[in-house]
Amino acid sequence: MNVLSLPEMEHKITIAVDGFASCGKSTLAKGVAQALNYVYIDTGAMYRAVTLYCIEQEVDIENAEAIEQALNALDIRFKTIAGKNTTFLNGRNVEENIRKMQVNNRVSEVAAVSAVRCTLVRQQQEMGREKGVVLDGRDIGTVVFPDAELKLFMTASIEVRTQRRLLELQAKGQTVSSEEIAQNLQHRDHIDSTRADSPLKQAEDAIVIDNSHLNQEEQLAMCLVLAKLRGAS
Ligand code: DC
């Protein structure tokens, strides 16, 4: 008889990566997911897709009821295209459009609407039901998966975050000043941390990672050790 001993059995956990805007959450979450062969879920992309829809369809973002109604017309999905996680809104690839400044400037207001949070949180819980997932966002360890085996809370200095975002946007051919980026990051952090419904905050049992002076490889290696210690395989 061929019986697997415990360590050889696959054990999937849930990994929550929360933190401020532009702290490298998605880079880390994608790296961890790839290394463990887990599914990566970019929850920020879902809030961005709702925001893009509102902008394009001229839904009044100041009107929570109008946004709530719009939710019924939305279908948000992720597909892997050429190895990249790609966001689809009602069947259209919106991966590029949801990262533009016009969305950055309004997404925190949309994400503060309770009906939006309620709908998206339910979808995220469904996607992660079977574990073996890495989710990045603002409320993953506190609201979406409060029982996640590993919770990471990422932070970095505003200077480092601004510089990283500037290079990212420049690489995509977008022209924007570092002042505009710093303002947008601070504005979003403020709204995200002070909203009434599930504000961004560190879960009590989260491990804080300040990556101002860590490179991507060091950060990934550290998190993989933590994931293994929490039982991931
Ligand atoms: O991670 P990101 O920058 O792509 O997220 C965009 C916005 O969406 C962010 O400013 C706050 C909101 N968000 C949220 O409220 N809860 C999440 N789980 C993920 C993102």
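The coordinates are above.
Residues numbered from 1 in each chain as written. Predicted model: local features only at pLDDT ≥ 70, side-chain atom pairs only at ≥ 80, totals over all residues. Heavy atoms only, no water.

Q: Help me out: how do you make sense of unusual backbone geometry in this one?
A: Phi is mostly negative for residues that are not glycine, and the peptide bonds are mostly trans. A positive phi is found at E58, a non-glycine position, where the angle reads about 55°. With respect to the element layout, E58 can be found in the loop between α2 (43–56) and α3 (64–71). Exposure remark for E58: the relative accessible area of 71% places this residue in the exposed category. A positive phi angle, near 65°, is found at K131, a position not held by glycine. Tracing the sequence through the fold places K131 in the loop between α6 (114–127) and β6 (133–137). (Helix = DSSP H or I, 4+ residues; strand = E, 2+ residues; numbered from the N terminus. Buried < 20%, exposed > 50% of the residue type's maximum accessible area, 1.4 Å probe, protein only.)

Q: Looking at this structure, how should I read the sheet that holds strand β4 (residues 84–89)?
A: One key point about sheets: their strands pair by backbone hydrogen bonds, in either a parallel or an antiparallel sense. The three strands are arranged β3-β4-β5 in an open sheet whose pairing can be described as antiparallel. At either end of the open sheet lies a strand with only one pairing partner, and these are β3 (76–81) and β5 (92–93). With six bridges joining them, β3 and β4 adopt antiparallel strand pairing. Paired with F78 across the two strands is T87, which belongs to β4. (Pairing = 2+ DSSP bridges.)

Q: Sorry, what's going on with the packing of helix α8 (residues 158–171) against helix α9 (residues 178–194) here?
A: Packed helix pairs are specified by the crossing angle of their axes together with the interaxial distance, meaning the distance between the axes. Their axes nearest at 9 Å, the elements α8 and α9 cross at an angle of 120°. Judged by the angle between their axes, α8 and α9 are oblique. Here α8 runs over α9; the crossing is right-handed. For the pair formed by α8 and α9, the contact residues are I158, R161, T162, R165, L166 and L169 on the first element and S178, I181, A182, L185, Q186, R188 and D189 on the second. Here the contact of α8 with α9 is composed, by residue class, of six nonpolar, three polar and four charged. (Axes fitted to C-alpha atoms, helices over the stretch in contact; angles between N-to-C directions. Parallel < 35°, antiparallel > 145°, perpendicular 65-115°, else oblique. Left-handed = near helix turned anticlockwise from the far one by under 90°. Contact = heavy atoms within 4.5 Å. Nonpolar A, V, L, I, M, F, W, Y, C, P; charged D, E, K, R; others polar.)

Q: Hey, could you run me through the side chain of S108 in this one?
A: Looking at the element boundaries, S108 is found in helix α5 (residues 107–111). Within the structure, the side chain of S108 is placed 2.9 Å from the side chain of D192, a separation counted as a polar contact. (Polar contact = N/O pair within 3.5 Å; in protein donor to acceptor, adjacent residues only side chain to side chain.)

Q: I tried to follow the site of the ligand on my own but got confused; where do I start?
A: Around the ligand, 14 residues are found, and the nearest of them are R48, R117, D139, D192 and R195. Between R48 and the ligand, the recorded distance is 2.7 Å, taken from a side-chain N or O atom to an oxygen atom. Take R138: an N or O atom from its side chain is 2.9 Å from an oxygen atom of the ligand. Notes on the ligand: free accessible area 440 Å², of which the protein chains cover 96%. For the ligand, the cavity whose grid points lie within 2 Å of the majority of its atoms is the largest pocket. Top element by residues in the shell around the ligand is α2. It accounts for four residues. (Near = heavy atom within 4 Å. Areas by Shrake-Rupley, 256 points an atom, 1.4 Å probe, with all protein chains shown as cover. 1 Å grid on protein atoms, 1.4 Å probe; cavity = no way out; pocket = protein on both sides within 12 Å on 5 of 7 lines; lining within 4 Å. Sits in = over half its atoms within 2 Å of the grid points.)

Q: What's the story with the sheet that holds strand β8 (residues 207–210) in this structure? I'm lost.
A: Spatial ordering of the open sheet is given by β2-β6-β1-β7-β8, a layout of five strands whose pairing is parallel. Every interior strand has two partners, whereas the edge strands, β2 (39–42) and β8, have only one. Geometrically, the sheet is characterised by an average inter-axis angle of 20° between neighbouring strands, direction not taken into account. Sheet topology places strand β7 (residues 150–155) next to β8; four bridges connect them, and they run parallel. Within β8, the position partnered with M154 by the bridge is I209. Running over the sheet, α2 touches β2 and β6 and is turned about 40° from β2.

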